[in-house]
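Remarks on the overall topology
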Amino acid sequence: MELPSLSVQAILTGLKKKQFSCRELTQSYLARIDALESDLHAFLAIDREGALSQAATVDALIASGDPQPSLSGVPIALKDVIVTKGMPTTAGSKILAGYLPPYDAFVVKKLKAQGVVMVGKTNCDEFAMGGSGENSAYGPTKNPWDHERVPGGSSSGSAAAVAAGLVSCALGSDTGGSIRQPAGFCGIVGLKPTYGRVSRHGLIALASSLDQIGPLTRSVEDAALLLNVIAGCDENDATSVAQPLLDLPRVRRADVSGLRLGIPKEYFVAGLDPDVEKIIRQAVADLEHLGAQVQEVSLPHTEYALAVYYLLQPAEASANLARYDGVRYGLRQDDETLEGVYRKTRQRGFGDEVKRRIMIGTYALSAGYYDAYYLKAQKVRTLIRQDFVDVFQKVDAIVTPTSPTLPFKLGENLSDPLTMYLVDVFTVGANIAGLPGLSLPAGWVRNLPVGLQLLGPLWSEETLLTLGAALERTLNLSRSLPRLLS
Amino acid sequence: MPDIRSADIEKIAKLARLDLSQKEQERFALQISRILEYVEKLNEVATDSVEPTNQVTDQVNIQRPDILQAQEETARNKILDNAPEKDETGFRVKTVFQ
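This write-up is about the structure you can find in this document. By convention here, each chain's residues receive numbers from 1 onward along its written sequence. Numbering of ligands from 1 and lettering of chains from A proceed in the order in which they are written. This being a predicted model, a pLDDT of at least 70 is required before a residue's local features are given, and a value of 80 or more before pairs of side-chain atoms are given or counted; all residues contribute to the totals for chains, interfaces and linings. Working from all heavy atoms in the structure, the side-chain values ignore hydrogens and water.

With that out of the way, let us pick up the overall build of chain B. Within chain B, the regular secondary structure consists of three helices and two strands. Strands here mean DSSP runs of E at least two residues long; helices mean DSSP runs of H or I at least four residues long; both are numbered from the N terminus. Each helix and strand of chain B, ordered N terminal to C terminal, gives the series α-α-α-β-β. Taking the principal axes of its C-alpha atoms as reference, chain B extends roughly 55 × 45 × 25 Å. Only protein chains enter the accessibility calculation, which uses a 1.4 Å probe. A residue is then buried if its area is under 20% of the maximum for its type, exposed if over 50%, and partly exposed in between. Within chain B, the proportion of its 98 residues that are buried is 32%. The contact rule is simple, with two residues in contact once any of their heavy atoms fall within 4.5 Å. When contacts within chain B are restricted to residue pairs at least 6 apart in sequence, long-range pairs at least 24 apart make up 32% of them. Accessible surface is estimated by sampling points in the Shrake-Rupley manner with a 1.4 Å probe; for residues, cover comes only from the protein chains shown. Approximately 7,200 Å² of chain B is accessible, and the part contributed by carbon and sulfur atoms is 49%.

Right, dumping it as structure tokens:
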């Protein structure tokens, strides 16, 4: 059963060298899914037939000796907020139960063109609203390292599936930390690209000025490989920006000598688990040994980032979720009047967290409150962006913990919505400022993973991945898979 | 603490097209009050001379030419297939005008 512990790069090499066939590879993932999925609940849809059919196509192409596309034969899963033509897509919500998208998201088209084996769609918090996976209308995903704990969210299923070896890599989406935080809680790599790097066409929108799609992988190099495939300017996303591809050899060289790292003092305060802090500080020391220069920096508006986020995101969400009205797709709850259909459909189809955020957003945008809430948040957003611009005059990247705590237990943060919002405290800054953020495993505490986060200026993914690769190599953490249950 | 009452929630819910029960209104009123209380800490920040941020990558008016784009033959049917109620002409809804 060791094929599922391979990185994407190792899979590509192994297929090329004919060490295994794509069919064998795909079947080994499907076998692990059979063994673990009923406990983990990482998936909402699995396409065994399609996956094996694509694997056969890949094997035939390899046998022919013709050149292979760059991700040929790589088994991948996609968070269920990314539309896939003809494959059910629910956004983790009952309001889209039965929805079959008539088109593929831009990133899906890109992946298919490179020959991936699409295994299925992964579970997530409803409409990507959550930090634990517990807001999925289809039941929560479990953390593969401890089934009583959350895998993080909202890309809960993608993170768990990669960590458990159910797929070799996955895509998630990140609006306030939803790729990085679950990557941290599951002991894998997660990358939120710079806003605009990856097209949002076909991403079921949560907050349009904050959302980005990104990879969850078993290695830093894999994240770079995947980003190069999914990135690109798209005429269907007016916010997407053309950028040069990442220099993969530079990432692999992992040379960090002379790179300047900032440790923001506002991120190392009470509330940060001391065991987590110890691991992060040790990792920083390791990077220093490798030639990076470390200095303390300050991001003075850090304490306001969550408040900015929990005004802007619900406001944008309230607009983006207005389309779920029982008319064109999904659930419809009948009533005598049109307005009744809208109200009853949405009442029945949306979970509590979704309703809460829609209402907060509606309130913040409503007449009389817009200036005090939404406009105010947009102004503080400018100050937060400026904090980062100022710091990046002095350093090339910032190092922080990904989360203030270890993965918490299922049910632990459910009694008070505000407590759940606080788990995002270190990740929302990157979305507010549009910056890229990378989370990678930095160590273990009581058999639970600890994630380290790297943040950089706009378009600096290559530097972050280079730093990540260096740390990954030096830490040399075990890449074993969670044990199969008997 | 912002005093969001059940009656306020009723108004917001109507705007947001949500049909909440009385009990839900009360529960959400309390939760949303707490959340709004938290976000009011933004009042500590001086922003009189600060411009709001609408988007972070400084792009301006990306446009495409105003011409029809060809679609697949089957696109229309695939779209209508998802509709809870439809006929040959399109989506069916309740009467809009009485």
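Two strands in a sheet stick together by hydrogen bonds in their backbones, pointing the same way (parallel) or opposite ways (antiparallel). Residues and elements named next belong to chain A. As summarised here, the arrangement of the eleven strands in space is β1-β3-β2-β4-β6-β5-β10-β11-β9-β7-β8, forming an open sheet in which the pairing is mixed. A single partner strand is all that each edge strand has here, and the edge strands are β1 (43-46) and β8 (293-297). The average undirected angle you get between the axes of adjacent strands in this sheet is 30 degrees. Here strand β2 (residues 75-79) pairs with strand β4 (residues 169-174) via three bridges, running parallel. When the bridges of β4 are listed, I76 appears paired with C169. In this analysis an axis means a line fitted to C-alpha atoms, helices contributing only their contacting stretch, and an angle means the value between N-to-C directions, from 0 to 180 degrees. In the packing of helix α9 (residues 274-289) onto the sheet, contacts are made with β7 (260-264), β8, β9 (397-401), β10 (437-445) and β11 (448-455), and the angle to β11 comes to roughly 50 degrees. The pairing criterion for strands is at least two bridges between them, as found by DSSP.

All names here are of chain A. When a carboxyl oxygen of Asp or Glu lies within 4 Å of a side-chain nitrogen of Lys or Arg, that pair is called a salt bridge. Tallying each qualifying case throughout the model produces 27 salt bridges over all chains. Between R356 and E353 there is a salt bridge, with its nearest N and O atoms 2.8 Å apart. Taken together, the residues span about one helical turn, with R356 and E353 both in helix α12 (residues 352-365) at a distance of three residues. The class for E353 is buried, based on a relative accessible area of 8%.

Residues and elements named next belong to chain A. The buried fraction of helix α7 (residues 220-230) amounts to ten of the eleven residues, a majority that puts the element mostly inside the structure. Along α7, the residues that are buried comprise V220, D222, A223, A224, L225, L226, L227, N228, V229 and I230. Following α7 by one or two positions, G232 has its phi on the positive side, about 150 degrees.

Once that is clear, we can look at helix α3 (residues 48-64) of chain A. Residues and elements named next belong to chain A. A rise of 1.5 Å per residue sets the reference length of α3, with its 17 residues, at 24 Å; its end C-alpha atoms lie 24 Å apart and thus fit the reference within 8%. Every buried residue belonging to α3 is among A51, A55, V58 and I62, and all of these are buried. All buried residues of α3 fall inside an arc of 65 degrees around its axis, so they share one side. Seen from the open side of α3, the exposed residues pointing more than 90 degrees away from its buried face are E49 and A63. At its buried positions, α3 is contacted by α1 (8-16), α2 (22-40) and β3 (117-122). In the stretch just after α3, G65 is the one whose phi turns positive, near 80 degrees. By this rule the span expected of a helix is its residue count minus one, scaled by 1.5 Å. As used here, the arc is the angular range of directions from the helix axis to the C-beta atoms.

Once that is clear, we can look at the side chain of S178 of chain A. All names here are of chain A. Counting through the fold element by element, S178 comes out in the loop between β4 and α6 (180-186). Within the local environment of S178, its side chain forms a polar contact with the side chain of S154, the two groups lying 2.9 Å apart. Beyond its immediate stretch of four places on either side in the chain, S178 contacts K79, A128, G130, G153, S154, S155 and S173. Think of a polar contact as two N or O atoms within 3.5 Å of one another; within protein, one of them needs to be a possible hydrogen donor and the other a possible acceptor, and neighboring residues in sequence only count if both atoms come from side chains.

Let's shift gears to the interface of chain B and chain A. Taken residue by residue, the interface counts 56 residues in chain B and 68 residues in chain A. What gets called buried area is simply the loss in accessible area from a 1.4 Å probe that two parts show on being joined, summed for both. In total, about 5,500 Å² of surface goes out of reach between chain B and chain A, with carbon and sulfur atoms giving 62% of it. It is L42, V56 and K94 of chain B in chain B that bury the most area against chain A; as a group they hold 13% of the surface buried on that side. Taken together, the links from chain B to chain A amount to eight salt bridges. Two residues, K85 of chain A and E72 of chain B, come together in a salt bridge whose shortest N-O distance is 3.0 Å. The tally of links between chain B and chain A comes to 27 residue pairs in polar contact (both at pLDDT 80 or more). Of all the secondary-structure elements, those providing two or more residues to the side of chain B that touches chain A are α1 (6-15), α2 (22-39) and α3 (75-81) of chain B. The element that contributes the greatest number of residues to the side of chain B that touches chain A is α2 of chain B, accounting for ten residues. For this scheme, ten residues count as nonpolar: Ala, Val, Leu, Ile, Met, Phe, Trp, Tyr, Cys and Pro. Four count as charged, namely Asp, Glu, Lys and Arg, and the remainder, Gly too, count as polar. Across the side of chain B that touches chain A, the residue classes break down as 28 nonpolar, eleven polar and 17 charged.

To continue, consider the packing of α12 of chain A against α2 of chain B. Where α12 of chain A meets α2 of chain B, the closest approach of the two axes is 11 Å, and the angle between their N-to-C directions is 60 degrees. It follows that α12 of chain A is oblique to α2 of chain B by the angle criterion. At the point where α12 of chain A passes α2 of chain B, the crossing takes the right-handed sense. Where α12 of chain A abuts α2 of chain B, its residues D352, K355, R356, M359, I360 and Y363 of chain A lie against E24, R27, F28, Q31, I32, I35 and L36 of chain B. Here the residues of the contact of α12 of chain A with α2 of chain B sort into seven nonpolar, one polar and five charged. Angles are sorted into four bins: roughly parallel if under 35 degrees, roughly antiparallel if over 145, roughly perpendicular if 65 to 115, and oblique for all others. Crossings are classed by handedness, with left-handed meaning an anticlockwise turn of the near helix from the far one by less than a right angle and right-handed meaning a clockwise turn.

What follows is about the pairing of β8 of chain A. All names here are of chain A. Summarising the sheet, β7 and β8 pair through five bridges and their orientation is parallel. What sits directly across from R260, in β8, is Q293. By the criterion used throughout, a crossover qualifies as right-handed when its path from the first strand across the helix to the second strand runs clockwise, the strands pointing away from the viewer. As for the winding sense of the linkage, the β-α-β connection from β7 through α9 to β8 is right-handed.

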